[in-house]
Amino acid sequence: MSPKIAIIGTGPSGMAAAQALATNGHSVTMYEKADRPGGILMYGIPHMKLNKNNILKKADVLRNLGVEFILNTKIDKQNIASKISKEFDCVLVATGAEHARDISIDGRQLNNIFFAMEYLKDNTKHLLDGTPLDIDAKGKNVVIIGGGDTSNDCVATAISQGALSVKQLEIHSKNNERKKNVYDFDEDEVKLYEKTAVKFIDKDGCVSKIVTDNVGFTRDENGSKLEFKNQYGEIDADLIFVAIGFLGPIEEGLNAFDIEIDKTKHNRDTKIFTTDKENIFICGDARRGQSLIKYAIGEGKMAAIAIEEYLSK
Ligand SMILES: Cc1cc2nc3c(=O)[nH]c(=O)nc-3n(C[C@H](O)[C@H](O)[C@H](O)COP(=O)(O)OP(=O)(O)OC[C@H]3O[C@@H](n4cnc5c(N)ncnc54)[C@H](O)[C@@H]3O)c2cc1C
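Criteria and thresholds
Residues numbered from 1 in each chain as written. Predicted model: local features only at pLDDT ≥ 70, side-chain atom pairs only at ≥ 80, totals over all residues. Heavy atoms only, no water. Pairing = 2+ DSSP bridges. Helix = DSSP H or I, 4+ residues; strand = E, 2+ residues; numbered from the N terminus. Axes fitted to C-alpha atoms, helices over the stretch in contact; angles between N-to-C directions. 1 Å grid on protein atoms, 1.4 Å probe; cavity = no way out; pocket = protein on both sides within 12 Å on 5 of 7 lines; lining within 4 Å. Points joined across faces, edges and corners; volume = space filled by probe spheres on them. Nonpolar A, V, L, I, M, F, W, Y, C, P; charged D, E, K, R; others polar. Near = heavy atom within 4 Å. Polar contact = N/O pair within 3.5 Å; in protein donor to acceptor, adjacent residues only side chain to side chain. Areas by Shrake-Rupley, 256 points an atom, 1.4 Å probe, with all protein chains shown as cover. Core = buried A, V, L, I, M, F, W, Y, C linked by side-chain atoms within 4.5 Å. Buried < 20%, exposed > 50% of the residue type's maximum accessible area, 1.4 Å probe, protein only. Contact = heavy atoms within 4.5 Å. Domains from an automatic or database assignment. Buried area = accessible area lost by both parts, 1.4 Å probe. Salt bridge = Lys/Arg side-chain N within 4 Å of Asp/Glu carboxyl O.

Q: I'd like a description of the sheet that holds strand S10 (residues 195–203), backed by residues and values.
A: The strand order across the open sheet built from three strands is S10-S11-S12, with neighbouring strands paired in antiparallel fashion. The open sheet has two free edges, formed respectively by S10 and strand S12 (223–236), since each of these has just one partner strand. Strand-to-strand twist of the sheet, defined as the mean angle between neighbouring strand axes without regard to direction, takes the value 20°. Alignment of S10 against strand S11 (residues 206–220), held across eight bridges, turns out to be antiparallel. Counted as the bridge partner of Phe200 is Ile210 from S11.

Given below as structure tokens:
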């Protein structure tokens with residue numbers, strides 16, 4: 001009988017591993033907490049940038065290779081994880097790094113402040129299922145905290161929904177070398193450079209304005225430093241998205257399998273896919289932190305090789 005492998009998470013790393021393993025005749029079962037496969041490719045990157053039909057077609061290619069998808073199934077309890085690790089010869093944890101970094105300032109508890117991923121997922125579900133939007137930017141003054149790719153995805157989505165105004169608070173200076181966004185909005189109109197939020201202002205329990213401060217941001221060998229300038233300003237904001245990066249994997253997935261990530265071993269410079277449990281492997285953003293699709297795919301393929309080496313022992 002061919003060895004049985006369970007993969008937790010159906011993002012690009014999990015899918016790449018599934019393809020390699022199923023092609024080599026292994027029996028692969030993928031567990032996914034969302035209702036569709038694809039990870040961030042499905043529910044993070046907007047449909048206007050990455051057509052979701054292509055992701056669903058990719059899942060069909062895997063099904064044709066014999067891969068089984070078990071959707072709407074979150075593996076976050078030790079008893080279920082332990083059943084899976086006994087039932088399967090190997091488990092590959094490919095759960096991504098979706099633990100979003102938060103901003104802890106006055107007023108964070110107010111209504112209409114969301115993490116970027118909540119917004120992007122809601123919009124994609126609306127487009128695919130026709131469900132009403134829970135978070136609608138139409139007619140709103142939208143501010144996105146953070147100036148990177150995830151923030152750009154929120155800007156483009158808010159513009160497509162008919163926002164009244166859209167602004168990004170970007171801690172870097174305009175001269176900082178960053179690649180231009182792939183959408184056709186004018187960054188100079190949208191981005192407020194060298195600014196961050198220091199307070200959200202309350203109106204009847206909802207956010208209505210952001211108090212901003214000018215900042216200087218430097219990055220050196222010891223990390224990064226934010227210098228506040230005490231030059232306050234205010235901007236109208238009735239819908240806010242927090243897009244200031246990710247801290248790593250959501251712990252409950254790792255805790256369920258009782259594995260710990262040693263960041264000195266599991267980082268982008270190493271090719272270590274094993275964990276402290278001999279039949280449990282890890283790859284993609286869950287292993288190396290938030291990254292890029294091409295690295296996730298590469299990690300999935302390399303993890304498949306590591307699994308096959310283990311199985312052949
Ligand atoms: C908004 C956004 C836009 C991006 N845009 C780009 C881009 O344009 N180009 C690029 O190269 N990279 C981009 N990236 C980065 C890229 O998408 C990721 O590096 C890549 O998707 C990581 O793949 P992964 O398979 O490791 O994890 P993910 O894609 O995060 O997939 C992990 C999967 O595991 C599932 N999961 C998590 N926990 C559990 C659990 N306990 N039980 C069951 N299932 C679970 C999740 O639901 C998810 O489906 C973007 C990232 C974000 C956040």
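Next comes the rest of the write-up.
Q: Lay out the layout of surface pockets with the relevant residues and their values.
A: Volume-wise, the second largest pocket comes out at about 210 Å³. Around the second largest pocket sit 15 residues that line it, and Pro12, Met15, Ala16, Lys58 and Ile297 are the ones nearest its centre. Elements with a contribution of two residues or more to the lining of the second largest pocket: helix H1 (12–23), helix H3 (52–64) and helix H10 (293–311). At five residues, H1 tops the list of elements feeding residues into the lining of the second largest pocket. A class-by-class count of the residues in the lining of the second largest pocket yields eight nonpolar, five polar and two charged.

Q: An account of the site of the ligand is needed here, citing residue identities and associated values.
A: Around the ligand sit 32 residues, and of these Ser13, Glu32, Lys49, Ile75 and Asp285 come closest. Between the ligand and the protein, one listed contact pairs an oxygen atom with a side-chain N or O atom of Lys49 at 2.8 Å. For the ligand, an oxygen atom lies 3.2 Å from a polar atom in the backbone of Ser291. Protein chains bury 92% of the 1,000 Å² of accessible surface belonging to the ligand in isolation. In terms of residue class, the shell around the ligand is built from 13 nonpolar, twelve polar and seven charged.

Q: Can you explain the nonpolar core? Please cite residues and give values.
A: Grouped together as the largest cluster of nonpolar side chains are 29 residues, with contacts concentrated most on Ile7, Val28, Met30, Val67 and Leu92. Those elements giving two or more residues to this core turn out to be strand S1 (4–8), H1, strand S2 (27–31), helix H2 (40–43), H3, strand S4 (90–93) and H10. Ranked by residues supplied to this core, first place goes to H1 with five residues. Those residues in contact with Val28 that lie beyond four places of it in its chain are Ile5, Ile7, Ala18, Leu21, Ala22, Gly66, Val67 and Glu68. Judged by nonpolar contacts, the second largest core, of 20 residues, contains Ile135, Ala137, Val155 and Ala158.

Q: Before we move on, could you go through the domain arrangement of the protein and cite the residues and values that matter?
A: Segmenting the protein into domains produces domain 1 (4–98 + 246–311) and domain 2 (102–242). The interface of domain 1 with domain 2 comprises 13 residues on the first partner and 15 residues on the second. Among the residues domain 1 hides against domain 2, the three largest losses belong to Tyr43, Met48 and Lys49. Together they make up 39% of the total. At the junction of domain 1 and domain 2, the tally comes to three salt bridges.

Q: Account for the sheet that holds strand S8 (residues 165–170), naming residues and giving values.
A: With parallel pairing, five strands are arranged side by side in an open sheet as S6-S13-S7-S8-S9. The open sheet terminates on both sides in strands that have one partner only, identified here as strand S6 (113–115) and strand S9 (191–193). Between one strand axis and the next, the sheet turns by 25° as a mean value, whatever way the strands run. With three bridges joining them, S6 and strand S13 (residues 239–242) adopt parallel strand pairing. Considered in S13, the bridge of Phe114 is made with Phe241. Along the sheet, helix H5 (residues 116–129) makes contact with S6 and S13, crossing S6 at roughly 80°.

Q: Please give an account of the pattern of salt bridges that cites residues and values.
A: As a working rule, side chains carrying opposite charge can pair if their charged atoms are close by. Evaluation of the coordinates by the stated rule reveals 17 salt bridges. Among the salt bridges present, the one from Asp129 reaches Arg36, with a minimum N-O distance of 2.5 Å. Of this pair, Asp129 sits in helix H5 while Arg36 sits in the loop between S2 and H2, and the two are 93 residues apart along the sequence. For Asp129, a relative accessible area of 36% puts it in the partly exposed group. Beyond isolated ion pairs, a larger network of salt bridges with shared partners links Asp35, Arg36, Lys125 and Asp129.

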